[in-house]
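For reference, the chains in residue letters:
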Amino acid sequence: MNFRTAFCAASALALAAGNGAFAESHATTLTIATVNNGDMVRMQALTEDFTAQNPDIALEWVTLEENVLRQRVTQDIAANGGQFDVMTIGTYEVPIWAAQNWLVSLNDLPAEWDADDILPAMRDGLTVDGELYAAPFYGESSMVMYRKDLMEAAGLEMPDAPAWDEIKAAAEAMTDKDAEVYGICLRGKAGWGENMAFLSAMANSYGARWFDEEWTPQFDTDAWKATLTDYMDLMNNYGPPGASTNGFNENPSLFQQGKCGMWIDATVAASFVTNPDDSTVADQVGFALAPDKGLGKRGNWLWAWSLAIPAGSDSVDAAKKFVAWATSKEYTALVAANEGWANVPPGTRTSLYENEEYTSAAPFAEMTLNSINSADPTNPSVDPVPYTGVQFVAIPEFAGIATQVGQEFSAALAGQQTAEEALEKAQALTTDEMEAAGY
Amino acid sequence: MARNVTNKRKIINTAAAWTVGLLIFFPILWTILTSFKTEATAIADPPVFLFFDWTLDNYRVVQERSDYMRFLWNSVIIAGGSTFLGILVAVPAAWSMAFVPSARTKDILLWMLSTKMLPAVGVLYPIYLIFIKMGLLDSRVGLTIVLMLINLPIIVWMLYTYFREIPGEILEAARMDGATLKEEILYVLTPMAVPGIASTVLLNFILAWNEAFWTLNLTAAKAAPLTAFIASYSSPEGLFYAKLSAASTMAIAPILILGWFSQKQLVRGLTFGAVK
């Protein structure tokens, strides 16, 4: 019996398990947690530029699914695990985590980083008590993307700043269910970052809000009822079948295949639908601001995927160097030189929108900028609110509550309950959760 | 006595077995097919089954972007190490339970199994804190130990079942011939239980290879195995279904091949002791 041989081999394997890391020896190794978005992937491919400038810093990437990343990073920061030196987080997390002293202030980034060049809406969203806690890597708002050819065939013209009634009329005119063309595609999949991002922003334009100034949930108001009823009316009459499972990743494919007349979603998607490699309607896409209801607010949101440094990092200086590099004007120029101007990370710097090379390569640039500039995270709805955030409420409880509310709204869209029932349940569960949280 | 099976019933049984088999295999087949599509074809509606322009581009991109071999090596070490350690602990444990049972042996076995009933996330935070204190975060040693502990109840149970099939008289005879305890386990019991041990090893290697909760939560860059490799291709904003499928295919390929070659042992091991 060659048991001894097997034992030796297995022991060797177990010993190998204890061996050191594979990384080459550098003075500092930064572990960067990120998500698998196109712009992040591009950054990983271009990091040689950074390591060439900083030979004493090595980079290690941990790419995770968005929700897993949030959970991992939260867990690591709360337990002071120190696993990550730089992490990709959104506008929702920054004010909450900064309030917990979990993030390192970035006010002392070098002068050439040019903080004044960051779009004011983005900077405000990432600043808490005068301290910038995250550097925006790319930013987005939402807007209407529509098919110019279908609008023309219907004898309609899309205004630059449409109202919800005009959107409904356009959706009706463009819908041809026999030809599998649906007037409008919107998010229906449950999730605080999915259907609730869209519906919270839409609700703002209808004069609805999540909470009044006393933190009382507002789902029992007429404004929320009008929001949800109109949304369901649009989707049931002019939307694609099975819309309650369509999220951000499903709708672009429908639009790219020519099955949507309009799609109201993130401005970053403009580069997907106008990319002739993936989209069959690339040369037929027009852009307009998110719709309004004549109440002074539009249904567009504001979001920035940003780079932040957790307070537990033991390489803060090196991490700052990396953050400054990845969010700099020079990085934008680097992407442009390698991948073309249409592929640079959008929505963060004023200088980008003053660059003619960019505005001529990206037909959606002007509308993106206008959308971002028209979003106001500190004053998102018609009536005053006690929170910041356009499509979210920047409190830790929000993600959990909005996911449950999103499930109720998604169930209503799937025909499992009425809008009134969904709103009643949303009101009840939000009230319970907020009371339990001590509001 | 063998049951009389008519031809008609044989055909029905065969068709039913194939249908169930294909249904179970279909998601894997679809993943493999999608990995050879372009991103646009991957999301085409209606879905394209076989007649598309096959491309290896996704595999090229995945190879370029990720260090596959590093993830693979981590998977091999963590799955192999945890299985080896598990067997090392479980053989003596199962021996004592099978051949020198006490009044409480059955209770201990059930208690061990009951640890598998706790949702893993319930102990995530304590284990995370222990890992921080011991400096085991993102280390292969830490993961190997955790996966060994997680799979240990199954290993002990399986080995216990196999050992019970071995007549105790043979071990007694060995003892009569002067074999020490170590010699009895190493040279008498183990060779007789090789089929059982082999299938236990295989099953636990597969379980450890596929484990995705702890491997995602306790690793970052250095010790991340293939589960983390797959997770890194899931995207919140962007269409990467074909690349995600390519990454998944690359991650499951080694274990599928291993399973394919060892299916006889696996089936034999899993059904061993089923007929009493």
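Model, not experiment: these values are computed from the prediction. (Residues numbered from 1 in each chain as written. Chains lettered and ligands numbered in written order. Predicted model: local features only at pLDDT ≥ 70, side-chain atom pairs only at ≥ 80, totals over all residues.)

A.B. asks: Explanation requested: the overall build of chain B in the structure shown.
C.D. replies: Helices and strands together make up the secondary structure of chain B, namely 14 helices and zero strands. The linear arrangement of helices and strands in chain B, starting from the amino end, is α-α-α-α-α-α-α-α-α-α-α-α-α-α. The principal-axis extents of the C-alpha atoms in chain B amount to approximately 70 × 65 × 30 Å. Looking at chain B as a whole, 37% of its 276 residues qualify as buried. Within chain B, residue pairs in contact and separated by at least 24 positions form 80% of the contacts whose partners lie at least 6 positions apart. (Helix = DSSP H or I, 4+ residues; strand = E, 2+ residues; numbered from the N terminus. Buried ≥ 20, exposed ≤ 12 C-beta atoms within 10 Å, placed from the backbone. Contact = placed C-beta atoms within 7 Å.)

A.B. asks: Can you help me understand the overall build of chain A in this one?
C.D. replies: Helix and strand counts for chain A come out as 19 helices and ten strands. Expressed as lengths along the three principal axes of its C-alpha atoms, the size of chain A is roughly 75 × 60 × 55 Å. Across the 439 residues of chain A, 50% fall into the buried class.

A.B. asks: Is there a simple way to explain the nonpolar core in this structure?
C.D. replies: Across soluble globular proteins, nonpolar side chains have a tendency to be buried as a group. Counting residues in hydrophobic clusters, the biggest one holds 192 residues, and the most contacted among them are Val86, Ala134, Met145 and Met262 of chain A together with Ala94 and Leu159 of chain B. Residue-level mapping places this core at the junction of two domains, with at least three residues from each of domain 1 (26-133 + 303-361) and domain 2 (140-301 + 380-436) of chain A. Here methionine 262 of chain A is in contact with Val144, Met145, Tyr146, Ile167, Ala170, Ala171, Gly183 and Ile184 of chain A, once residues within four sequence places are set aside. (Core = buried A, V, L, I, M, F, W, Y, C linked by C-beta atoms within 7 Å. Domains from an automatic or database assignment.)

A.B. asks: Looking at this model, I keep getting lost on the domain arrangement of chain A. Mind explaining?
C.D. replies: Interface size, as often reported, equals the accessible area lost upon joining of the parts. Residue and element names in this part refer to chain A. Examined at the domain level, chain A breaks down into domain 1 (26-133 + 303-361) and domain 2 (140-301 + 380-436). The straight-line distance from the C-alpha centre of domain 1 to that of domain 2 is 29 Å. Tallying the contact residues gives seven residues for domain 1 and ten residues for domain 2. In terms of residue class, the side of domain 1 that touches domain 2 is made up of six nonpolar, one polar and no charged. (Nonpolar A, V, L, I, M, F, W, Y, C, P; charged D, E, K, R; others polar.)

A.B. asks: Quick question: what am I supposed to make of the environment of methionine 145 of chain A here?
C.D. replies: Residue and element names in this part refer to chain A. The residue methionine 145 is located in strand β6 (residues 135-147) in this model. The class of methionine 145 is buried, set by 28 C-beta atoms lying within 10 Å. Considering only alpha carbons, one finds methionine 145 and valine 273, 128 residues apart in sequence, at a separation of 8.6 Å. The residues touching methionine 145, leaving out its near neighbours within four places in the chain, are Phe255, Met262, Trp263, Ala269, Ala270, Val273, Val285 and Phe287.

A.B. asks: What exactly am I supposed to notice about the environment of tyrosine 387 of chain A here?
C.D. replies: Residues and elements named next belong to chain A. With respect to the helices, strands and loops of the structure, tyrosine 387 is situated in the loop between α17 (365-374) and α18 (398-413). Residues tyrosine 387 and aspartate 212 lie 175 residues apart in sequence; the distance between their C-alpha atoms is 9.4 Å. In this structure tyrosine 387 touches Phe211, Val393, Ala394 and Ile395, once residues within four positions along its chain are discounted.

A.B. asks: Honestly, the packing of helix α9 (residues 195-205) of chain A against helix α10 (residues 222-238) of chain A in this entry has me stumped. Any pointers?
C.D. replies: When two helices pack together, their arrangement is given by the angle between their axes and by how far apart the axes lie. All names here are of chain A. Packing of α9 against α10 brings their axes to within 9 Å, and their N-to-C directions diverge by 125°. Taken together, α9 and α10 sit at an angle that is classed as oblique. Every pair of crossing elements has a handedness; the one defined by α9 and α10 is right-handed. Mapping the contact onto sequence places Leu199, Met202 and Ala203 in α9 and Ala223, Trp224, Thr227 and Tyr231 in α10. When grouped by side-chain class, the residues that make up the contact of α9 with α10 number six nonpolar, one polar and no charged. (Axes fitted to C-alpha atoms, helices over the stretch in contact; angles between N-to-C directions. Parallel < 35°, antiparallel > 145°, perpendicular 65-115°, else oblique. Left-handed = near helix turned anticlockwise from the far one by under 90°.)

A.B. asks: I would appreciate a short explanation of unusual backbone geometry in the present structure.
C.D. replies: Excluding glycine, residues mostly carry a negative phi; peptide bonds, for their part, are mostly trans. One non-glycine residue, glutamate 180 of chain A, lies in the positive phi region at around 55°. Along the chain, glutamate 180 of chain A falls in the loop between α8 (164-174) and β7 (182-185). Under the C-beta neighbour-count criterion, glutamate 180 of chain A is labelled partly exposed, with 13 such atoms within 10 Å. Of note in the backbone geometry, aspartate 138 of chain B takes a positive phi value of approximately 55° without being a glycine. In this fold, aspartate 138 of chain B is placed in the loop between α6 (124-134) and α7 (140-164). The exposure class assigned to aspartate 138 of chain B is buried, which follows from the 21 C-beta atoms found within 10 Å.

A.B. asks: Just checking my understanding: could you explain the pairing of strand β1 (residues 28-34) of chain A for this structure?
C.D. replies: The two faces of the sheet receive side chains in turn, since in a regular strand these alternate between them. Residue and element names in this part refer to chain A. The buried fraction of β1 is high, at five of seven residues. Where β1 lies against strand β2 (residues 57-63), seven bridges are found, and the strand directions are parallel. Looking at the pairing, leucine 30 lines up with leucine 59 of β2. Bridge count between β1 and strand β3 (residues 86-89): two bridges; the pairing is parallel. Paired with alanine 33 across the two strands is methionine 87, which belongs to β3. (Pairing = 2+ DSSP bridges.)

A.B. asks: Just to check I follow, could you spell out the packing of α9 of chain A against α18 of chain A for this structure?
C.D. replies: Residues and elements named next belong to chain A. Relative to each other, α9 and α18 sit at 85°, their axes nearing to 9 Å. Here α9 lies roughly perpendicular to α18, going by the angle between them. Residues Asn195, Met196 and Leu199 of α9 pack against Ala402, Val405, Gly406, Phe409 and Ser410 of α18. By residue class, the composition of the contact of α9 with α18 is five nonpolar, three polar and no charged.

A.B. asks: Where do I start with α7 of chain B in this structure?
C.D. replies: Note: α-helices contain 3.6 residues per turn, so residues at a spacing of three or four share the same orientation. Spanning 25 residues, α7 of chain B covers 34 Å between terminal C-alpha atoms, matching the ideal 36 Å at 1.5 Å per step. For α7 of chain B, the tally of buried residues reaches 18 of 25 residues, placing the bulk of the element in the interior. (Expected span 1.5 Å × (residues − 1).)

A.B. asks: I would appreciate a short explanation of the pairing of strand β8 (residues 260-266) of chain A in the present structure.
C.D. replies: Residues and elements named next belong to chain A. Among the seven residues that make up β8, seven are buried, leaving the element largely enclosed by the rest of the structure. For β6 and β8, the ladder comprises five bridges, and the chain directions are antiparallel. By the bridge assignment, serine 142 is partnered in β8 with alanine 266. Two strands pair when backbone bridges link them, and β7 and β8 are joined in this way by three bridges, in the parallel orientation. Bridging across to β8, cysteine 185 finds its partner in tryptophan 263.

A.B. asks: Before we go on, may I ask you to explain the environment of glutamine 417 of chain A in this structure?
C.D. replies: All names here are of chain A. Note that glutamine 417 resides in the loop between α18 and α19 (419-436). Classification of glutamine 417 as partly exposed rests on a count of 16 C-beta atoms within 10 Å. For the pair formed by glutamine 417 and alanine 428, sequence separation is eleven residues and the distance between their alpha carbons is 16 Å.

A.B. asks: Got a minute to help me understand the confidence of the model for chain A in this structure?
C.D. replies: As a general rule, the predicted coordinates of low-pLDDT regions are not to be interpreted in detail. Scored by pLDDT, chain A comes out at a mean of 90, with 94% of its residues at no less than 70. In this model residues 13-24 of chain A is a low-confidence stretch, pLDDT under 50, and it forms 23 contacts with partners more than four residues away in sequence or in other chains. (pLDDT = per-residue confidence, 0-100.)

A.B. asks: When you look at the confidence of the model for chain B in this model, what are you seeing that I'm missing?
C.D. replies: Residues and elements named next belong to chain B. In this model, chain B carries an average pLDDT of 88, and 94% of its residues clear a pLDDT of 70 or more. Confidence scores differ between elements of chain B, with helix α14 (residues 263-271) showing the lowest mean pLDDT of 74 and helix α4 (residues 68-99) the highest of 94. Scored as a whole, the predicted complex attains pTM 0.81, and scored at its interfaces, ipTM 0.72.

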